[in-house]
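Survey of secondary and tertiary structure
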Amino acid sequence: MRPTLSQTIARMVNPFFIGKTARKERKPAAAYPAGFKRVTEVFDRLGQPKILGDPIAKPGGEGCVYFLKDKPDILVKIYHPRKLEGHRAEYREKIEAMIGIKDEFRDFPVCWPLLSVFDQEKNWIGYAMQRGIGAPMRYLAHAVAYRKHFPYLDRTLLLEYLVSFVRNILFLQEKGVFIGDYNMLNFLCDTRSDKVTMIDCDSYQIEIEGKRYPCPVGSPDLTPVEHHDKDFRTVAHTKQSEAFSLAIIIFECLMLGRHPYDVVGGDDPVTNLRRANFPYKRGNTGVPKGPWRNIWTHMPLRIRKLFIETFTEGVNDPEKRVSAETWLAELKIYHADMRAGKYDKNINPLKKLVKVTPKAEPKGIEEDETENYVD
Amino acid sequence: MDYLEKKRKDDLIVNPTPRCACILVLDTSGSMAGDPIEELNNGLMNFLSEVREDELAQYSVELGIVAAGGGVREALPLTPIHLIEAVNYFEAGGDTPLGEAVETALNMLERRKTEYKRTGVPYYQPWLVLISDGEPNDNWEETAARARNMSAARKLVSLPVGVSSADLDVLSRFSSRPAKRLSGLKFREFFEWLSASMARVSSSASTTAQINLPPTDGWDSI
C-alpha cells in the first residue's frame, strides 16, 4: 500500500513513524530492569550518610554506579545484593586491599577504589572512586562510531592515545597490577587531550603482601591460549600473557575495530586465534574485503612485524610476544615519523604510493613489503 | 540491487562490528486484531528506538521481521539497526502459517550467515523470537524440529513467546528451552527486555562466551 502524503511527511519528520497516527509513547519514569532497587543513600565507615545522585548508566551485570550527589567527580559503585550474597567478605577483602594502596595511584589516570561504603545496617555494599573523563576506547576502535565521538581523529592522535595507554599498562605492571580482563569499554579516551583513564578497576589482578587477588573474568577473544577454557579465578596473569591482549588492543585501535583474527572463510575469531591464523601474515589469505589491507600496508614494516610475531609464533610461545616496553618505544617512533610526514595521517590512508626512505627501515628485515600498498 | 540491499551488503565491508542477528516471527493473524496488534506495534517501535540509542548495539544488532497472517511476508530483511529507516505498521488478519514463517526466518538467517562468513564479520549466536497467540495451522513439525535442533546445538537462541491463550506446548517445540507466556499484553516490557539483552550481547567482548541475560520477570508469567 502506498503511503499517503501525510504519512510521507510524518516519516520525513520522524523516521520511526509507523502508521496511521504518530504513536507517542510515554516512557516509564524509571526504566530500570525488573528486580532492580535503586539505592539513594550510603554510609561511610563512621556511619555518616552520603546522598547518591542518579546512576551514571543502566545497571551492569555486577552492580550499579551512581553519582555522589553534590560531588559529581566522585562515583559510588554498589554491588547487586545477589552478587554479594555469600561472597561479601571476599569482595570486601579485595577492595579494601586495593584501598590500602590507593596513595600509589593518586596522580595516575586510574579510577582506583578510594573508600568503602555501607548500608544503614553497616553491611559493606561497595566503594567510592574518582570519575573518569572521556569516551570509551571501544568507540575509538570502531569504523563507524569514531566519527561521532572523535570527529577530529587522525592517526597521530590515535597513536598518542595508544602511547598513553601503553604507559598506563607499564605503570600498573610496575606496581604488580595486571588488567586481566581487557575490555575497551573500560579505557576512557579524553576527547580534549591524549589522556587515557582506566576505569572499572575492581576486577584487576593485584598482589599485596604476597597474596594474589585474581581477575575473575575475561573473554577468550582477547586472551592468550594458555588461559583459554580455564576458570579465570585460577589464572595468574603475567607480563607475557598481558602482552598478547595488549597487541590485540593496539591492532584493533589502528584497524578501526577489526579483530586480528577476523578471517574470510575462516572460523570464529577464537578458533582462528587458537590456530594462529593471522590473515595479514605474508603468504596468508583471508584478509576481509574493505579498507583493511590498505590500512595494514600503510603501517611501518617494523610495526607490522611486531604484530606478525605476536599473532603467529607468539600464540603458543609467550616469549615471542612483543613486550609493553617495546610497543611503547616503537609506537613513539611511529608517531614521530608520522609527524615528520613519513606516514599518512588519514584514518583511511590514501591509496597512493608513499615513498619510504630505505634508511628508515632497520637492516636485516627479509620481508619485501617495504613499499606501501598500491591499489 | 535496491538501495537498502546495497547498504546491507556494504555495511559488512565498512563496519567490522560483530553481529547479533535477531529475527522476529510475528503472528499477525486475525485473532491478534485490536489491542494485541496495537501493543505489539508499539513495543516494536520502542525496541527500535531503544537499540538505536545504544552506541554499540545499533551497529551490531541486525533485525529481521517475518509476518505470519494469511500468508507469510518477509517484512524486513536482516538489517543493522542503524540503517533501518522505517518499519511498516502491522495489521492483523488471516490464519497462522507459523511453520512456513519460521522456515522463512531460518533461511534468512542462513543467507545472512553466509554473507558474514564471506566478508569475515564475526557473529554472536543469532536469535529467533517467535510471538504468537495461537498455534500454527500449517505443516510446522519439521521446521520446529529444525529450530529446536539448532537451539540445542547452541547455533540459535530460539525464544517462543505465547500471548494470551497460546498453546505453549506447541510453541515450546520450536526451541530446546520452554516457551514463555507473556503476562497480559506486556509487549512493551518484553521488548525492553529484548533490547537490554541485545545491549548485553553486543557489548560482550566475546562472540563465543555465554552471556548472562537480564531476568525475564518483568514480562513473563507462570
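Worth saying up front: this structure is predicted, and the values here are computed from it rather than measured.

1. Some details on the overall build of chain A
Of regular secondary structure, chain A possesses twelve helices and eleven strands. The proportion of buried residues among the 375 residues of chain A is 51%. Across chain A, contacts joining residues at least 24 apart in sequence account for 59% of those joining residues at least 6 apart. Surface summary for chain A: the accessible area is close to 18,600 Å², and the carbon and sulfur share equals 51%.

2. Considering the sheet that holds strand β8 (residues 187-189) of chain A
Residue and element names in this part refer to chain A. Ordered by their spatial adjacency, three strands build an open sheet running β7-β8-β9, and the pairing between neighbours is antiparallel. What marks the edges here is a single partner per strand, and that holds for β7 (135-136) and β9 (196-198). Sheet topology note: the β7/β8 ladder contains two bridges and is antiparallel. Note on β8: the bridge partner recorded for Pro-136 is Leu-188. Where helix α6 (residues 155-174) meets the sheet, it contacts β8 and β9, and its direction lies at approximately 35 degrees from that of β9.

3. Brief notes about the interface of chain A and chain B
One frequently used descriptor of interface size is the decrease in accessible area upon assembly of the parts. Taken together, the contact pairs 42 residues of chain A with 41 residues of chain B. Taking both sides of the interface into account, the surface hidden between chain A and chain B amounts to around 3,500 Å²; carbon and sulfur atoms contribute 56%. Seen at the junction of chain A and chain B, the total is two salt bridges. Between Glu50(B) and Lys58(A) there is a salt bridge whose closest N-O contact spans 3.5 Å. Counting every contact that joins chain A to chain B gives seven residue pairs in polar contact (both at pLDDT 80 or more).

4. So, helix α7 (residues 239-254) of chain A
Residue and element names in this part refer to chain A. When the terminal C-alpha atoms of α7 are compared, their 22 Å separation across 16 residues agrees well with the 22 Å that a helix rising 1.5 Å per residue should span. The buried fraction of α7 amounts to 14 of the 16 residues, a majority that puts the element mostly inside the structure. Following α7 by one or two positions, Leu-256 adopts a phi angle in the positive range, close to 55 degrees.

5. Some points on the pairing of strand β3 (residues 63-68) of chain A
All names here are of chain A. Of all six residues making up β3, five are buried, and the element is well covered by its neighbours. In terms of strand pairing, β3 meets strand β4 (residues 71-79) through six bridges, oriented antiparallel. From the neighbouring strand, Gly-63 faces β4, where its bridge partner is Tyr-79. Counting the residues that bridge the hairpin from β3 to β4 gives two residues, and of these Asp-70 lies at a positive phi of roughly 70 degrees.

6. A few points about the packing of α7(A) against helix α12 (residues 324-339) of chain A
All names here are of chain A. Where α7 meets α12, the closest approach of the two axes is 9 Å, and the angle between their N-to-C directions is 30 degrees. Facing α7, whose interface residues are Lys-239, Leu-246, Ala-247 and Ile-250, α12 presents Ala-324, Glu-325, Trp-327 and Leu-331. The class makeup of the residues in the contact of α7 with α12 is six nonpolar, no polar and two charged.

7. Considering the nonpolar core
Residues and elements named next belong to chain A. Grouped together as the largest cluster of nonpolar side chains are 91 residues, with contacts concentrated most on Trp-112, Met-137, Phe-165, Phe-187, Met-198, Phe-307 and Trp-327. Per element, the largest residue contribution to this core is eleven residues, and it comes from α6. Setting aside chain neighbours within four positions, we find Met-137 in contact with Phe-165, Met-184, Phe-187, Cys-189, Val-196, Ile-249 and Cys-253.

8. Considerations on the sheet that holds strand β5 (residues 157-162) of chain B
Residues and elements named next belong to chain B. Read from one edge to the other, the open sheet built from seven strands follows the order β3-β2-β1-β4-β5-β6-β7, with strand pairing classed as mixed. Bordering the open sheet on either side are β3 (72-80) and β7 (220-221), each of which pairs with just one other strand. With five bridges joining them, strand β1 (residues 20-27) and strand β4 (residues 127-132) adopt parallel strand pairing. Across the sheet, Leu-26 pairs through a bridge with Ile-131, a residue of β4. Sitting on the sheet, helix α4 (residues 98-119) is in contact with β1, β2 (61-68), β3 and β4, with an inclination near 25 degrees to β3.

9. Focus: the packing of aromatic side chains
Describing an aromatic ring pair means giving the distance of the ring centres and the angle of the ring planes. Residue and element names in this part refer to chain A. Under the criterion given, the structure shown has 33 aromatic pairs over all chains. Aromatic pair Phe-307 and Trp-327: ring centres 5.0 Å apart, planes at 45 degrees, arrangement tilted. One end of the pair, Phe-307, is in helix α10 (residues 301-311); the other, Trp-327, is in helix α12, with 20 residues separating them in the sequence. Grouping residues by exposure puts Phe-307 and Trp-327 together as buried.

10. So, the pattern of salt bridges
Counted by the stated rule, this structure contains 34 salt bridges over all chains. For the salt bridge of Glu93(A) with Lys211(A), the shortest nitrogen-to-oxygen distance reads 2.9 Å. Here Lys211(A) lies in strand β11 (residues 211-213) and Glu93(A) lies in helix α3 (residues 88-100), a separation of 118 residues in the sequence. Given a relative accessible area of 38%, Glu93(A) falls into the partly exposed group. Relative accessible area serves as the criterion here: at 38%, Lys211(A) is assigned to the partly exposed category. One salt bridge in this structure joins Asp262(A) and Arg258(A), with 3.1 Å as the shortest N-O distance. Residues joined in a network through salt bridges with shared partners are Glu5(B), Arg8(B), Lys9(B), Asp11(B), Arg19(B), Glu62(B), Arg112(B) and Glu115(B).

11. What to know about the pairing of β4(A)
Judged from the five bridges that link them, β4(A) and strand β6 (residues 124-130) of chain A form a sheet pairing that is antiparallel. Its bridge partner lying in β6(A), Val76(A) is registered against Ala128(A).

12. Here's the deal with α4(B)
A rise of 1.5 Å per residue sets the reference length of α4(B), with its 22 residues, at 32 Å; its end C-alpha atoms lie 32 Å apart and thus fit the reference within 8%. Just past α4(B), the residue Gly120(B) takes up positive phi, approximately 70 degrees.

13. Some remarks on the packing of α6(A) against α12(A)
Residue and element names in this part refer to chain A. One way to put it is that α6 packs onto α12 with a least axis distance of 9 Å and a crossing angle of 160 degrees. By the angle between their directions, the pair α6 and α12 is classed as roughly antiparallel. Relative to α12, α6 is oriented so that their crossing is left-handed. Here Arg-155, Thr-156, Leu-159, Glu-160, Leu-162, Val-163, Val-166, Arg-167, Leu-170 and Gln-173 of α6 lie close against α12, whose contacting residues are Ala-324, Glu-325, Trp-327, Leu-328, Leu-331, Lys-332, Tyr-334, His-335, Met-338 and Arg-339.

14. Some points on the side chain of Ser116(A)
All names here are of chain A. Mapped onto the elements, Ser-116 comes out in strand β5 (residues 113-118). At a separation of 2.5 Å, a polar atom in the side chain of Ser-116 contacts the side chain of Glu-96. Among the polar contacts listed, one links the side chain of Ser-116 to the side chain of Trp-124, at a separation of 2.8 Å. For Ser-116, the contacting residues outside a window of four places in its chain are Phe-43, Asp-44, Arg-45, Glu-96, Ile-99, Trp-124, Gly-126 and Tyr-127.

15. What about unusual backbone geometry?
Phi at Lys122(A) takes a positive value of approximately 70 degrees, unusual for a residue other than glycine. Tracing the chain through its elements places Lys122(A) in the loop between β5 and β6. Among the residues examined, Lys122(A) registers a relative accessible area of 64% and is labelled exposed. The backbone of Arg154(B) sits at a positive phi, close to 60 degrees, despite the residue not being glycine. The residue Arg154(B) is located in the loop between α5 (141-152) and β5 in this model.

About the cut-offs
Residues numbered from 1 in each chain as written. Chains lettered and ligands numbered in written order. Predicted model: local features only at pLDDT ≥ 70, side-chain atom pairs only at ≥ 80, totals over all residues. Heavy atoms only, no water. Helix = DSSP H or I, 4+ residues; strand = E, 2+ residues; numbered from the N terminus. Buried < 20%, exposed > 50% of the residue type's maximum accessible area, 1.4 Å probe, protein only. Contact = heavy atoms within 4.5 Å. Areas by Shrake-Rupley, 256 points an atom, 1.4 Å probe, with all protein chains shown as cover. Pairing = 2+ DSSP bridges. Axes fitted to C-alpha atoms, helices over the stretch in contact; angles between N-to-C directions. Buried area = accessible area lost by both parts, 1.4 Å probe. Salt bridge = Lys/Arg side-chain N within 4 Å of Asp/Glu carboxyl O. Polar contact = N/O pair within 3.5 Å; in protein donor to acceptor, adjacent residues only side chain to side chain. Expected span 1.5 Å × (residues − 1). Nonpolar A, V, L, I, M, F, W, Y, C, P; charged D, E, K, R; others polar. Core = buried A, V, L, I, M, F, W, Y, C linked by side-chain atoms within 4.5 Å. Phe/Tyr/Trp six-rings, centres within 6.5 Å; stacked < 30°, edge-to-face > 60°. Parallel < 35°, antiparallel > 145°, perpendicular 65-115°, else oblique. Left-handed = near helix turned anticlockwise from the far one by under 90°.

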